[in-house]
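Summary of structural features
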Amino acid sequence: MLELIVACVSAACNLALSVLVLSKNPQGRLNRDFARFGIALAVWAIFNYVSLHPLLFDQLTWIRIVMAVVSFMMLFILLLANTFPTGERYLKGIERWSIPSAIFVALVALSPWLFTQLNYSADGQPQPMAGFGMVIFVPYVVVVLGLSLTILLRKFLHLRGVAKEYMRYGLIGIISTFGFLLLTNFVVVLAFKNSSLVAFSPLIALLFTASFAYGIIRRKLFDVRLIAARFVAYLLLLIFASILYAFLTAALSFIIVGVYPSVTQIVVSTLIVIALVSLVEPSRRFFNHVTRAVFYQDDYDTKNVLDDLATVLVHSTETKPLVNGSLTILRRALKPDFITLTLVDRVSEKSGKHLSVGVHPPKLPVFTPEQLLHYVTDVVSIDSVEVHPNRFHREMQAAGVSIVVRLQTRSEVVGYCFFGYKTTGSAYSQRDIDVVRIASDELAVAIQNTLRFEQIQDFNTTLRQRVEEATKELRASNEQLHRLDEAKDEFVSMASHQLRTPLTSVKGYISMVLEGDAGKISKMQRQLLDEAFTSSERMVHLIND
C-alpha cells in the first residue's frame, strides 16, 4: 500500500507540475524540455510500481520496460540541461545524435540482452540477471549524465546573478536525484542482489521536481503564484475525486454484492477512472477539431483574415507584391479555386494588367471599363442573380466566376476582382460577401496608393533622365564655347602682333627724323612729325587694349 501511495503521489506531482509549466508558455523551449522530463518521471514512477506488482505482463517484461523509460529519461535530462536556465541551446545540434542513441538503448533495454532472466532470493525478492546489453546501457547512462552535469557546471561557472541561482537549484536537484537513483536501482540491485529499495525510487525522484519548484518559488522563473495555485487546486481535486470514488466503490460493492473489495482493487480501479477522466477534455477537444474540420471545412476567423490583410496592405509599397499577398490571404480564407484582379488604366481607360492566384486562373471575357462599370456596381454574386441573366452573367458563369467586386475609392475605380467557385463545393455565404466587401475597400485604397507611388517613382526616373540629357547638352555647349574662346584668343594675339609690327617701324623712322638723323628739319616739319608720332603711339595702345 505504501509503495502504491509513493508511486501515485510522485506521478501526480511530476505530471501536474509539468502540465502547469507547459501551459504557461507552450512555445518555450525550456518549458517543453522541463515538461517532457516531468512526464517521463511520472510514467517511470507508475511503471516502477507495476514492475514490482506486475499486471498483464510478467515481472521481467515490466523491468525491461522501466529500463527503456530510463533511457528516455536520460535523453530528456540532457535536453533540459542543454537549455536550462535561459532557454537557449548550449550545444547546437545535440538532438541529431542524442535521440537516435536513446531509441537504440531503449530497444536494447526491451530485449533479453539487458536482463536475461529473473531469479528470486530466499526471501522472495526478485533478482534480475544482467546480460551483455548492460555494457551498452550503463556507459550510455554514465555518458549522458556526465555530459549533462558538465554542461550545467560550465554554465554555472560562467553565469552571474539570478541565472546562477537558477543553475544552483538545478544542480542540487539533478545530482541528488540521480545519485540516489543510481545507488538504489543499480548499485544495490546488482552488487547486493537486493531490490527492496526500488519501490521508493519515485519518492527520491521528487527531489528533482522539489529543487526546481524551490527555484521557481524563490526566483519566480515561471510565475510561481499562478503555477502554485493551479497545482494545488489540481492536486486537491485529484485527491478528493480519488477518495470519493474509492469510498463509493467500497460502499456500493458491499451494499450490492455483499463483499468488500481489496485495497489493491480499489486503488487500481481508482487510477483507471482518474486516467479516463483526465482523457475527457483532451478527447473532447480532439473530436471537436475533427468534426469542425469535416462539417466546417470553409470556416475561418474573420478578424484574423482582416488583420492579416491589413498587415500586407500596410507593409507593401509595390502593387504586384501587395495584390499577390492580399489575394493569397483571401483565397486561403474563402477557398475559391482562383482569384483574378484586373487593374484599370486611367490614362487609356482600358483594362490594364491581370494579377491572379490559383491553380489555373481562367481567361476572362473581354469587357470595357464602361461595361464593367455598368454591370458591377458593388459586389455581384453571379449565382444569386434573380433577374434574367444577360451577356455579362452568362460569360462570367462560362469562365467559372462566382463573384465580381469593384475596387473603387472616392475618386476613381481602381479595378475589378473576380472570384471563382469554392473548392469545397459550397456557395458563398453572406459573411463571405461581407468580408469581400470590406477587403475590396481596403485593397482599393492600398492599390491606389501604390500606383501613385509608382507614378512618382516613374516621374522621378523620367525627370532624372531629362536632367541628365540637359546636362549633357550644356556640357557640349560649354566645350564648344571653350573652343571658340581659344580661337578668339589665338586670333587676337596673331592680329595684334601683325598690326604692331608696321607701327613699330613707322614710329622708329619718325623718331630718327625728329632726332636729325636725316638732316635738319624746319619747325613746320617737326610739328607735323610730332603729330604723326603721337598718332602712332595711340594706335599702339589701342592694339594692346
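Preceding block: the structure.
First, a word on scope: everything that follows refers to the structure included in this document. (Residues numbered from 1 in each chain as written. Predicted model: local features only at pLDDT ≥ 70, side-chain atom pairs only at ≥ 80, totals over all residues. Heavy atoms only, no water.)

1. As for the nonpolar core
Counting residues in hydrophobic clusters, the biggest one holds 50 residues, and the most contacted among them are W44, M73, M74, L114, F115, F137 and Y140. Residue assignment for this core shows that the elements contributing at least two residues are helix 1 (2-24), helix 2 (29-52), helix 3 (59-83), helix 4 (95-110), strand 1 (115-120), helix 5 (134-158) and helix 6 (162-192). Top contributing element to this core by residue count: helix 3, with 18 residues. In this structure, Y300, L334, I403 and L407 belong to the second largest nonpolar core, which totals 31 residues. (Core = buried A, V, L, I, M, F, W, Y, C linked by side-chain atoms within 4.5 Å. Buried < 20%, exposed > 50% of the residue type's maximum accessible area, 1.4 Å probe, protein only. Helix = DSSP H or I, 4+ residues; strand = E, 2+ residues; numbered from the N terminus.)

2. Considerations on the packing of aromatic side chains
In total, this model carries four aromatic pairs according to the counting rule given. Centre to centre, the rings of F47 and W62 are 5.4 Å apart; their planes meet at 65°, and the pair counts as edge-to-face. Of the two residues, F47 is situated in helix 2 and W62 in helix 3; the sequence distance between them amounts to 15 residues. Here the aromatic residues F47, F57 and W62 are joined through ring pairs into a cluster of three or more. (Phe/Tyr/Trp six-rings, centres within 6.5 Å; stacked < 30°, edge-to-face > 60°.)

3. Observations regarding the pattern of salt bridges
Applying the stated criterion to the full structure yields nine salt bridges. Here E395 ties to R391 by a salt bridge, and the two come within 2.9 Å at their closest N and O atoms. Pair noted here: E395 and R391 are both in helix 14 (residues 391-398), with a separation of four residues, about one helical turn. For the salt bridge of E537 with K507, the shortest nitrogen-to-oxygen distance reads 2.5 Å. A residue pair is termed long-range when its members are at least 10 positions apart, and E537 in helix 16 (residues 523-544) and K507 in helix 15 (residues 430-514) qualify at 30 residues. Given the relative accessible area of 24%, E537 is considered partly exposed. Given the relative accessible area of 18%, K507 is considered buried. Salt bridges sharing common partners tie together D485, K488 and D489. (Salt bridge = Lys/Arg side-chain N within 4 Å of Asp/Glu carboxyl O.)

4. Considering helix 11 (residues 302-315)
In a regular helix each residue adds 1.5 Å, so 14 residues correspond to 20 Å; helix 11 covers 20 Å between its end C-alpha atoms and thus fits that length. Those residues of helix 11 hidden inside the fold are in contact with helix 12 (319-334) and helix 15. Of the residues that open helix 11, the one with a side-chain oxygen 3.1 Å from the backbone nitrogen of K303 is D301. (Expected span 1.5 Å × (residues − 1). Contact = heavy atoms within 4.5 Å. Polar contact = N/O pair within 3.5 Å; in protein donor to acceptor, adjacent residues only side chain to side chain.)

5. Concerning the packing of helix 3 against helix 5
In the contact formed by helix 3 and helix 5, the axes pass within 9 Å of each other and the chain directions differ by 20°. One way to sum up the angle between helix 3 and helix 5 is to call them roughly parallel. Judged by the twist between their axes, the crossing of helix 3 over helix 5 is left-handed. Facing helix 3, whose interface residues are M67, V70, S71, M74, L75, I77, L78, A81, N82 and T83, helix 5 presents F137, Y140, V141, V144, L145, L147, S148, I151, L152 and K155. A per-class count over the contact of helix 3 with helix 5 returns 15 nonpolar, four polar and one charged. (Axes fitted to C-alpha atoms, helices over the stretch in contact; angles between N-to-C directions. Parallel < 35°, antiparallel > 145°, perpendicular 65-115°, else oblique. Left-handed = near helix turned anticlockwise from the far one by under 90°. Nonpolar A, V, L, I, M, F, W, Y, C, P; charged D, E, K, R; others polar.)

6. Considering a nonpolar patch on the surface
Side chains of F240, L244, F247, L248, L252, I255 and I256 sit close together on the surface and give an oily, nonpolar patch of about 780 Å² of accessible area. Within the secondary structure layout, I256 lies in helix 8 (residues 224-257). The exposure class of I256 is exposed, given its relative accessible area of 66%. (Patch = residues over 30% accessible without salt bridge, like charges linked within 9 Å, V, L, I, M, F, W, Y side chains within 5 Å. Areas by Shrake-Rupley, 256 points an atom, 1.4 Å probe, with all protein chains shown as cover.)

7. Remarks on the packing of helix 15 against helix 16
Between helix 15 and helix 16, the shortest axis-to-axis distance is 9 Å and the interhelical angle comes to 155°. In this view, helix 15 runs roughly antiparallel relative to helix 16, as classed from their interaxial angle. Judged by the sense of rotation from one axis to the other, the crossing of helix 15 with helix 16 is left-handed. Here S496, L499, R500, L503, V506, K507, I510, S511, V513 and L514 of helix 15 come into contact with helix 16, specifically with R526, L529, D530, A532, F533, S536, E537, M539, V540, I543 and N544. Grouping the constituent residues of the contact of helix 15 with helix 16 by class yields twelve nonpolar, four polar and five charged.

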